[in-house]
Structures are given as C-alpha cells and as structure tokens.
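Below, each chain spelled out in residue letters.
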Amino acid sequence: MSSSKKRCRSENSDAKVSQNVNLDLDDREEQLEQREEALHNALERLAEEKKLMTGRKLSDVLSLNIGGTKCHACRRTLCLYEPSMLATHFSGRWDDNVEKDSDGCFFIDQPYELFKPLLDYLRDKAIESFGMPVPSPVRGKLLPNGEMSTDEISVKRFDRMVEHYGMTPFVYPQRFVLWRGTPIETPNICNANLSINSKEWATYILESVGHLRRLDSFTVVTDSTLNFGAGWAEIRRFRSCKKTSSYGVGDLASSVALRGRIRCGIYYNEILVKSLDQVSLQKDTVVTCEHDDYRFRWLVDGTEVAIILKSSLNEYDTCDMMESKFIRPAITGKGKW
C-alpha cells in the first residue's frame, strides 16, 4: 500500500474520531442545558412556594367549619403526618385556594361527628409519651351523648374518610414482627412505607399496632430478595409451629403464599397448589396479596395471577383458613422489600 493511501486512510479515521467527539460534546452540552433549565424551574417553584408560605406557621390557630359546626385547631395538629393529604391541605401552601365559608373559616365537607374522632386522635398523638401510647380511634361516629356509634355503615364511612385524607397508615399503623430468623434492621413502624432489610433468611408477620382493624390487602415491592414468599398466615397455628429455619410462609398448613423468583407458584403446607410458570419476580416487582372471607388473591404488577378458594385448601389439610379475624399478612425472604 502506498504511503499516500495510508495517509488518506489515517486522515479519514482522524476525521471520523473528531466527528464522534463533536457529537458527544453536543449531546453533553444539550444535557447540561436541560439540567440547568430543570434547576432554574425548581428554584422558581421554590421561590413561589416560599411566597405562598409567607406569614404562615405551624403554630397558627385555624378556624374550622366542619360540616356546619365551628371549632379551632392548631395547624401543627392537622399537619402532624406530613405525607398525608390532610397535612398537604392545611400546610399553608394552599390557604388562598381551599374552601372557606362566609366567615373565612376553613370548610371541611365532612359530618362533624365523623371528623371529630380523627381530630381528637391527632391532638392526642401530638402529646403522646412513650409510657402512654395513643390507641387508634374507635371506628364510627360520635353520638350526641358522647358515645361512639360502631354500626357497620358508620365504620365504613369513617374508614372511607380516613382513606380519603391519606391517614390510613397513621390511624391504623402496622409493624413487622419477626417470626423466625435473625433481626438485622428494625422495621419502620407507623409509617406509610414499611420496609425490611434482612441479610439472612427470615419470616415476618405484619401486625396491627393499637387497633383491631382487619387488613384485607397489602402490597410488597421486591428489591434484592431471595427465596421470596408473600401471603397469609393463620396466626394461631403459624405461631405454634416449630421454628425450623427451612420453613416460611406457604411451607406450613397454617399459611398460603406466592413463592419463588424465576418460577413461581402458590404453596400451602409445602404443596404446590397452583403453578405460575409465567410469573417471575425481579427487582421492583409489585406483588399485591388480598383476601376476604372466601378466597385469597394475588396480583403481580397489577395483573391478577392467582385466586385460591379457602374451602379448596381443606383438600390438603384440615386446618380451617376461613376465620379471617385470625389471618395476618406474612412475608418470607432474604434481602430488601
């Protein structure tokens, strides 16, 4: 090959490298401009929010009109649980836009007798001490004589209102209780997002804290989880079983669970009740477990993958899985969820 051809090829190669470098610089410059624009917009939003919050403090005493009954409450009380919609509503950011009556009182479009127990609960929690924990409010509505009506309709209306304001995980807190394994990290309690980080294989039961409200569904987001299982345990027998390290939820007659990772299935008493070959549990997979008086149901990433009738489990064991009041969420695995 002549030296002129070598020189030409070398020059073409250099030109191509230079072109690629220029394209890469252009891309990085564009990304930098986008980040600068995003930062500028964020600073503008922050400045606007500060403007909205001017003169508004957590110590403010707010005049409320609750379904026609007027009262007062501290902003700090209503904003006790910051992640909730109730706290967002009364944070001060939207004071100029939220509903008010003709006297300028913040209007809460709920019956006073329904909202009052929630307000009193927040007041009690604001001054709670370690030795005197505050139980969840009695579900229902306040009667004129000061007693609570706990009829089914009142209970459902109260729960619906609590859910509307995003207060369910704070009014009805849950906690993980270690059933077998070694506790590595203390689970979050009274938090909207409970979490576990277990470096060793372990099984946890989710239990209520300070209330008897039944939990009919829960959702788990998997992270680096091995030997994962999520389902339900009949706690009277589940707790009395020997704590053999190789057993978890779905391995005993008192529990049923979706188990596996690459190839999954529904297990009861170590028996594969339903194969789920089409299901695999990867990082950030969302597993939802539900139950009622007659069935168990599992969804993976929002898609239903299995329904198991409680009566059908009698085929494998005489344990009665029908008594919903004794059934609790249970999770097995190693890693984070």
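Described below are features of the structure shown in this document. Because the structure is a prediction, the values reported are computed rather than measured.

The next thing to look at is the packing of aromatic side chains. What the rule picks out here adds up to 6 aromatic pairs. Aromatic pair F90 and F106: ring centres 5.8 Å apart, planes at 75°, arrangement edge-to-face. Placement of the pair is F90 in the loop between α3 (85-89) and β3 (106-108) and F106 in strand β3, with a sequence separation of 16 residues. When its relative accessible area of 8% is taken as the criterion, F106 is described as buried. Its guanidinium or amino end placed over the ring of F296, K310 lies 5.1 Å from that ring's centre, counting from NZ or CZ.

Quick look at helix α5 (residues 152-164) now. Given a rise of 1.5 Å per residue, 13 residues ought to cover 18 Å, and the 18 Å separating the end C-alpha atoms of α5 matches this to within 8%. Those residues of α5 not exposed but buried are S154, V155, F158, D159, M161 and V162. Down the axis of α5, the smallest arc covering the buried residues is 160°, so these residues share one side. Among the exposed residues of α5, those oriented more than 90 degrees off its buried face are E152, I153 and R160.

To continue, consider the nonpolar core. Core analysis: the largest hydrophobic core is formed by 31 residues, its most contacted members being W232, L258, I266, L276, W298 and V305. When near neighbours in sequence (up to four residues on either side) are disregarded, V305 contacts L258, K274, L276, V279, W298, L299 and V300.

Our focus in this paragraph is the pairing of strand β7 (residues 197-208). Burial analysis of β7 places 9 of its 12 residues in the buried class, which makes it a mostly covered element. With 6 bridges joining them, strand β6 (residues 174-180) and β7 adopt antiparallel strand pairing. Within β7, the position partnered with V177 by the bridge is I205. Both β7 and strand β16 (residues 327-336) contribute to a ladder of 6 bridges, which runs antiparallel. Bridged to T203 within β16 is T332.

The subject of this paragraph is helix α4 (residues 112-126). Taking 1.5 Å of rise per residue, the 15 residues of α4 would be expected to cover 21 Å, and the 21 Å separating its terminal C-alpha atoms lies within 8% of that figure. Inspection of α4 places L114, F115, K116, P117, L118, L119, Y121, L122 and K125 among the buried residues, and these make up the whole buried set.

Scoring rules and cut-offs
- Residues numbered from 1 in each chain as written.
- Predicted model: local features only at pLDDT ≥ 70, side-chain atom pairs only at ≥ 80, totals over all residues.
- Heavy atoms only, no water.
- Phe/Tyr/Trp six-rings, centres within 6.5 Å; stacked < 30°, edge-to-face > 60°.
- Helix = DSSP H or I, 4+ residues; strand = E, 2+ residues; numbered from the N terminus.
- Buried < 20%, exposed > 50% of the residue type's maximum accessible area, 1.4 Å probe, protein only.
- Lys NZ or Arg CZ within 6 Å of the ring centre and 35° of its normal.
- Expected span 1.5 Å × (residues − 1).
- Arc of directions from axis to C-beta.
- Core = buried A, V, L, I, M, F, W, Y, C linked by side-chain atoms within 4.5 Å.
- Contact = heavy atoms within 4.5 Å.
- Pairing = 2+ DSSP bridges.

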